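Residue-level structural notes
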Amino acid sequence: MFFEFSWRLLTVPSRLAQFTNRIRKLASLADQVLISGGNFLTIAICAHSLSLSEQGKFTYIFASYMALLLLNVSGILQGAAVRAPAQNDSYQPALARLQLVQALLFSFAICAAWFGAGGLFGWQATLTEAALLFAFLITQQLADFDRRSAYIFSEAKRAAYSSAALYPLRIIALLLVRPETVSQVLWVLILSSFLPALPALLMAGRRRPVTANSWSNEIKAHLAYSRLFIAGAPLGWLWSYIPIFMLGIMHGKEQAALLASIRGISNIANVLMEQIETKVVADWARISHGAGAEVMAVAAVQLLKIGMGLWLLGLLVISAFGREIVTLVLGNLYSPHWNLLLIGWVGYGVYFMARVYGIKHRVLGSNRVEFAGNLGGVIAALIAGFTLIPSQQAVGAAWAYVIIAVAMGGSQMYLMKRSVRA
């Protein structure tokens, strides 16, 4: 009896550790559900309340935000996830300051572009729309930094709190306001992201320790490490949105809104994809640093199996109930085009495999792999876009995304095989 009691006492720390680990995973999953679900519902609510023309404007706004998000992730967070364990306490405030400067500069550039040359895509932003867009891009980027940096410098629970302070309020406000113009949508987005943006703003203004390196030297070292990530970010955005913008130029922003809104349903899979980019990368970096590359490679295979199992289940559901899903989420206006959802889901499955492959090699130190995939994706987007979109319109653009994903995976594998031979 004594030995049994003693054994139970000895196993208490192990059980507590397992319980704590489960809580962290639940917090991370809750955070991703809030993010993906929040973006999904934002697009859906706007599709119901906005005209197709105004939804087209919102499609361009969301594309602009995604461009900045990719720049922030590549220029700030991807490198930080790998470098943070070896840095001192001044690293996070330095990155927050970089985020603030980057957000101001790039947001202004994007708003100036829509105000000055948006007519090319069918939306010449007014001064009011451009000002609201600028405010939204600033606050949303700071809120994103607060959430995403928590995975690197704090814990998943902290990230979940940040998301919980933003997305439920945003969805409730959209449901209450029922916006009819994109300006009304932007007001809701700005106000809902203001509170979560404050911690990042305070972090950027925090006084640095006297013993810390200068901010410029710290940022130079960070950017030097992240240079391939940064170079790949515009490519990642280009392949993501070339088909939509080509569709808008050739057939109008209404067609672009159809494709982007229906593809937005597929983005529910971002619950898993966001887990990879935030929590999984940081975890794999720690595993590779501590237990070795072989253990990390096993974790990557397990993730791939889980993800493809969920993708196959989604494919069966969409094949059986695709029209009903599109009608329920977006309304009757979109239901005749439900096949875009099925095509998009096929592309998402291929993209997931390419994404896991690229991230695995990123953590192992080969930054070139994802860059090669993004470059292959851009080339495929241009070729498929000019080939399919003029005659097939939105359907052709949807198939272009499948071709892009195949090209990304093929480019990554070709580079690795070539590296092995060399």
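That block above? That's the structure.
The structure reproduced in this document is the subject of the present report. (Residues numbered from 1 in each chain as written. Predicted model: local features only at pLDDT ≥ 70, side-chain atom pairs only at ≥ 80, totals over all residues. Heavy atoms only, no water.)

**Some remarks on the layout of surface pockets**
In this structure, the second largest pocket spans a volume of roughly 330 Å³. Around the second largest pocket, the lining comprises 19 residues; the ones closest to its centre are Ala63, Ser64, Ala67, Ile110 and Trp237. Residue assignment for the lining of the second largest pocket shows that the elements contributing at least two residues are helix 2 (52-83), helix 3 (91-117) and helix 9 (227-251). The class makeup of the residues in the lining of the second largest pocket is 17 nonpolar, 2 polar and no charged. (1 Å grid on protein atoms, 1.4 Å probe; cavity = no way out; pocket = protein on both sides within 12 Å on 5 of 7 lines; lining within 4 Å. Points joined across faces, edges and corners; volume = space filled by probe spheres on them. Helix = DSSP H or I, 4+ residues; strand = E, 2+ residues; numbered from the N terminus. Nonpolar A, V, L, I, M, F, W, Y, C, P; charged D, E, K, R; others polar.)

**Observations concerning the pattern of salt bridges**
As enumerated under the stated definition, the model contains 6 salt bridges in all. A salt bridge links Glu254 to Lys253, with the nearest nitrogen and oxygen atoms 3.9 Å apart. Residue classification places Glu254 among the partly exposed residues on the basis of a relative accessible area of 30%. The salt bridge partner of Arg355 is Glu370, with a shortest N-O separation of 3.2 Å. Of the two residues, Arg355 sits in helix 13 (residues 339-363) while Glu370 sits in helix 14 (residues 368-421), which places them 15 residues apart along the sequence. (Salt bridge = Lys/Arg side-chain N within 4 Å of Asp/Glu carboxyl O. Buried < 20%, exposed > 50% of the residue type's maximum accessible area, 1.4 Å probe, protein only.)

**Comments concerning the side chain of Ser163**
Relative to the helices and strands, Ser163 is located in helix 5 (residues 156-164). Within the structure, Ser163 has its side chain in polar contact with the side chain of Asp31 (distance 2.4 Å). Not counting the four nearest positions on each side in its chain, Ser163 is found in contact with Asp31, Leu34, Ile35, Arg147 and Pro168. (Polar contact = N/O pair within 3.5 Å; in protein donor to acceptor, adjacent residues only side chain to side chain. Contact = heavy atoms within 4.5 Å.)

**A look at the packing of aromatic side chains**
All told, the structure shown has 17 aromatic pairs when counted by the stated rule. When the ring of Tyr65 is compared with that of Phe136, the centres are 5.9 Å apart and the planes differ by 55°; the resulting orientation is tilted. Within this pair, whereas Tyr65 is found in helix 2, its partner Phe136 is found in helix 4 (residues 127-153), the two being separated by 71 residues in sequence. When the centroid spacing of 5.3 Å and the interplanar angle of 55° are considered together, the rings of Trp239 and Tyr351 count as tilted. Placement of the pair is Trp239 in helix 9 and Tyr351 in helix 13, with a sequence separation of 112 residues. Summarising the burial analysis for this pair, Trp239 and Tyr351 share the class buried. By way of ring pairs, the aromatic residues Tyr60, Trp114, Phe121, Trp123, Trp237, Tyr241 and Phe245 are connected into one cluster. Over the ring of Tyr401 we find Arg263, and its NZ or CZ is 3.7 Å from the ring centre. (Phe/Tyr/Trp six-rings, centres within 6.5 Å; stacked < 30°, edge-to-face > 60°. Lys NZ or Arg CZ within 6 Å of the ring centre and 35° of its normal.)

**Thoughts on the side chain of Ser226**
Note on placement: Ser226 falls in the loop between helix 8 (215-225) and helix 9. Residue classification places Ser226 among the buried positions, given a relative accessible area of 0%. In this view, Ser226 contacts Ser74, Gly75 and Gly79; residues no more than four positions away in its chain are not counted.

**Some remarks on the environment of Ile268**
Looking at the element boundaries, Ile268 is found in the loop between helix 10 (253-266) and helix 11 (270-290). Of the residues examined, Ile268 reaches a relative accessible area of 39% and is grouped as partly exposed. For the pair Ile268 and Gln32, spaced 236 residues apart in sequence, the C-alpha separation works out to 9.7 Å.

**Some remarks on the packing of helix 9 against helix 10**
Running from N to C, helix 9 and helix 10 cross one another at 150°; their axes reach a closest spacing of 6 Å. One element, helix 9, and the other, helix 10, form an angle in the roughly antiparallel class. The handedness of the crossing between helix 9 and helix 10 is right-handed. Residue-level contacts link Ile244, Leu247, Gly248 and His251 of helix 9 to Lys253, Gln255, Ala256, Leu259 and Ala260 of helix 10. Here the contact of helix 9 with helix 10 is built from residues that sort into 5 nonpolar, 3 polar and 1 charged. (Axes fitted to C-alpha atoms, helices over the stretch in contact; angles between N-to-C directions. Parallel < 35°, antiparallel > 145°, perpendicular 65-115°, else oblique. Left-handed = near helix turned anticlockwise from the far one by under 90°.)

**Thoughts on the nonpolar core**
By size, the foremost hydrophobic cluster in this structure holds 105 residues, and its most contacted members are Phe58, Trp114, Phe136 and Leu330. Considering every element that reaches this core, the biggest residue donor is helix 2, with 14 residues. If we ignore the near neighbours within four places in the chain, the residues touching Phe58 are Thr42, Ile43, Cys46, Leu50, Val182, Val185 and Leu189. Core analysis: the next-biggest nonpolar cluster, separate from the first, contains 5 residues, Ala150, Tyr151, Ala156 and Ala159 among them. (Core = buried A, V, L, I, M, F, W, Y, C linked by side-chain atoms within 4.5 Å.)

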